[in-house]
Amino acid sequence: MKRTLYQPLLSSLEDTDMEEREKDDGTVRKGIGREDGDEMDDMVEGVQCMTLRKPETTKRGEEISWGKYGLWRQGQKTIAARLANQLKARWQLEELTEEELNKFCSHYNCATVPAQLKDVALFFMPRGTPPHELAALSWLGDWRPSAILELIRGLAHSSSSFLSDSSGIEQLISHVIHEIRIEETIIDEEMAEIQATCILHLPFSRLKKKQSGGSALGFIQEEFKKIERVITKAQQLRFKALELVVKKVLSQTDAAAFFVAFTGIQDAIHQVAEQQKLELVTLPTKTSR
Amino acid sequence: MPKPFSSLFFSRKKAPQPLQPVAFKEYYTNWFTTLNNTLLPLINQSLYSSSSPPALLCSHIDLLLQHLLSYYDTLDLVATQEHLPQLLFPSWRNSLEIPFLFLGDLHPYLFTNLLRSFLDQEDSEEEEDDSDEEEEDDDDFLDRPWQVEMAWKNVPKSLMTRVEQIECGLRLMVPALTDRIKKVQGCFVGRIAGDWVGFCCEGKRETVKVKAVIEEAMKEEMEEMVTVFVDANRLRKSVITEIVGVLTHYQAALFLQGLAQFLVGFRDPDLIAEFKRTNNFSITGGFHLAF
């Protein structure tokens, strides 16, 4: 909301800045060849030139007073314009990180949770994901929430220049990893319960075979429903981990740096996994061992 | 007497090796066919045919047990870092099996749950018998030989104690396996993150170098994962052996028969065909099944 309120102010500041720059270009800067970074000096000279061109009739006291005021105004406007640019960049950053987080939200919360029976196996072994990527990272069909956090810890630990408050972040992240791992364990246990008791509930189990009521697909559907609930929880936990670090642990700039690294690393791992040769799994022969 | 749990867990028995290279997928198909067409009918016959001598039952129990264990021995043989991704996510398993796989195979708790289903069923049947002895709805009852019928009656306390010990061991070992995967995957990601920053900060993020680092980290991760996979299979193997070891012949035969029927059921062609036909049905409702 604050961004919307500030925007008119921002655009007026930008306009002023543009006008001033045009004026500078037309008077002092032309032919001087100064560096852009030295704006304050330009400003002083510009003001001095303008003062010299004032009509002779003006009294000396008025000249000094006007000159000082003009100088102050110019300086103020320049700084304000530069600040406005920085604010604009910051708001854009905030907007982009929020947009990225929202994309993860929709990806984890509804877009990928299997809705049909055929989707469940595909969720665990998606066609587009190479086996090496699955083996390296997969936990219930996607990145492990604690591994996402390990990525941030790795980024913070490896270089103080990548994240602004590396040591503080490392401590906080370690705490969050501990908490998220507890929740991962709970979900692991729920999944283990389904995988361990399917021998009692699937239609071809000895207990179900003895039951007269119920259809085979009905029993399968019941088990898949349980798995779908676990997947939903896992997806929610992934988003919770992301949201927690982006909103509570990382600064805006660090969150942006993390998203950039996360996307880049995901892509790089995927590419490397795709390039891995899938050797046909064969039994070793007697002569070769 | 069976070997102690711990010694089974750490032993690595070699499976018979073929002369010519055999694809694991082909091996698995053959293994399954033997289970379905030969060993399951044999154990059924031994259990339900009154003319079948007890010695034959022992031999069939051993055949079935060795067949089940040989599968894990073979997995041990092919478990290399190059093969591991395919073993963890096996393309030779169907879409009904995949969601129920834990580290590429059945969950170790499944075996003790099967055993419990026999023990608990007997308890509940006893309670039902006490309350209403006149009713007997079990169709199998009349067909079942006396030894099969009595197999789970009056189970000694010592058996219950052993079952609890096996379950207790599993409750310690399974979370340790999942913790190891968690740790290995976390380390892999952490390591890549560290190297990634290095390349970014130096302003020379060369794709080839980044990929080489990831490839190396992936290789090392797979090596670690192989040890977890192999241990998971040893655990499954040792639990099956341990369970069979504490049971009487008839109990063991029924347990192995239940396990084999379950494995065969996952690949029942009629069920799979029906499952594929209903692939588009919603999980959470929206389709009604005719009973």
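Residues numbered from 1 in each chain as written. Chains lettered and ligands numbered in written order. Predicted model: local features only at pLDDT ≥ 70, side-chain atom pairs only at ≥ 80, totals over all residues. Heavy atoms only, no water.

Visitor: With reference to specific residues and values, describe the overall build of chain B.
Guide: Counting its secondary structure elements, chain B contains 11 helices and one strand. Of the regular secondary structure in chain B, the N- to C-terminal order runs α-β-α-α-α-α-α-α-α-α-α-α. The proportion of buried residues among the 291 residues of chain B is 53%. Within chain B, counting contacts between residues at least 6 apart in sequence, those at least 24 apart form 84% of the total. Carbon and sulfur atoms provide 54% of the accessible area of chain B, an area that totals close to 13,800 Å². (Helix = DSSP H or I, 4+ residues; strand = E, 2+ residues; numbered from the N terminus. Buried < 20%, exposed > 50% of the residue type's maximum accessible area, 1.4 Å probe, protein only. Contact = heavy atoms within 4.5 Å. Areas by Shrake-Rupley, 256 points an atom, 1.4 Å probe, with all protein chains shown as cover.)

Visitor: Just give me the short version of the pattern of salt bridges, but keep the residues and values in it.
Guide: A complete count under the given rule lists 19 salt bridges over all chains for this structure. Here A:K233 ties to A:E190 by a salt bridge, and the two come within 2.8 Å at their closest N and O atoms. Here the residue A:K233 occupies a position in helix α9 (residues 216-249), and A:E190 occupies one in helix α7 (residues 166-201), the gap between them amounting to 43 residues. As a salt-bridge pair, B:R180 and B:D231 come within 2.9 Å of each other at their nearest N and O atoms. (Salt bridge = Lys/Arg side-chain N within 4 Å of Asp/Glu carboxyl O.)

Visitor: With reference to specific residues and values, describe the interface of chain B and chain A.
Guide: Taken residue by residue, the interface counts 82 residues in chain B and 81 residues in chain A. Across the chain B to chain A interface the summed buried area is about 7,300 Å²; carbon plus sulfur atoms make up 71%. Here chain B is connected to chain A by zero salt bridges. On the surface where chain B and chain A come into contact, there are 10 residue pairs in polar contact (both at pLDDT 80 or more). The element contributing the most residues to the side of chain B that touches chain A is helix α8 (residues 157-201) of chain B, with 15 residues. Here the residues of the side of chain B that touches chain A sort into 49 nonpolar, 24 polar and nine charged. The pairing of strand β3 (residues 282-283) of chain A with strand β1 (residues 22-23) of chain B spans two bridges and is classified as antiparallel. By the bridge assignment, A:T282 is partnered in β1(B) with B:A23. (Buried area = accessible area lost by both parts, 1.4 Å probe. Polar contact = N/O pair within 3.5 Å; in protein donor to acceptor, adjacent residues only side chain to side chain. Nonpolar A, V, L, I, M, F, W, Y, C, P; charged D, E, K, R; others polar. Pairing = 2+ DSSP bridges.)

Visitor: Just give me the short version of the environment of A:I194, but keep the residues and values in it.
Guide: Note that A:I194 resides in helix α7. On the accessibility criterion, A:I194 (6% relative accessible area) is buried. With 32 residues separating them along the chain, A:I194 and A:K226 place their C-alpha atoms 7.3 Å apart. With residues near it in sequence (within four places) discarded, A:I194 still touches A:E223, A:K226, A:I227, A:V230 and B:F100.

Visitor: Please set out the side chain of B:Q185 residue by residue, giving values where relevant.
Guide: Looking at where B:Q185 falls in the secondary structure, it is placed in helix α8. In terms of polar contacts, B:Q185 uses its side chain to reach the backbone carbonyl oxygen of A:S138, at 3.1 Å.

Visitor: Now, about the packing of aromatic side chains: what can you tell me, with residues and values included?
Guide: Residues and elements named next belong to chain B. This model, assessed by the stated rule, comprises 22 aromatic pairs over all chains. Seen from their ring centres, F24 and W92 are 5.1 Å apart, and the 55 degrees between their planes marks the pair as tilted. A residue pair is termed long-range when its members are at least 10 positions apart, and F24 in helix α2 (residues 24-48) and W92 in the loop between α4 (84-88) and α5 (108-131) qualify at 68 residues. You'll find F24 and W92 in the same group, each marked buried. Where Y28 meets Y71, the ring centres are 5.7 Å apart and the plane angle is 50 degrees; that geometry is what we call tilted. A residue pair is termed long-range when its members are at least 10 positions apart, and Y28 in helix α2 and Y71 in helix α3 (residues 54-78) qualify at 43 residues. Both residues of the pair, Y28 and Y71, belong to the buried class. Linked through ring pairs, F24, Y27, Y28, W31, Y71, Y72 and W92 together constitute an aromatic cluster. (Phe/Tyr/Trp six-rings, centres within 6.5 Å; stacked < 30°, edge-to-face > 60°.)

Visitor: Give me the lowdown on the nonpolar core, citing residues and values where you can.
Guide: A:F258, B:F24, B:F111, B:F188, B:I240, B:F255 and B:L259 are the most contacted members of the largest nonpolar core, which totals 152 residues. Residues within four places of B:F255 in sequence aside, it is in contact with B:F111, B:L114, B:L115, B:F118, B:I240, B:I243, B:V244 and B:L247. (Core = buried A, V, L, I, M, F, W, Y, C linked by side-chain atoms within 4.5 Å.)

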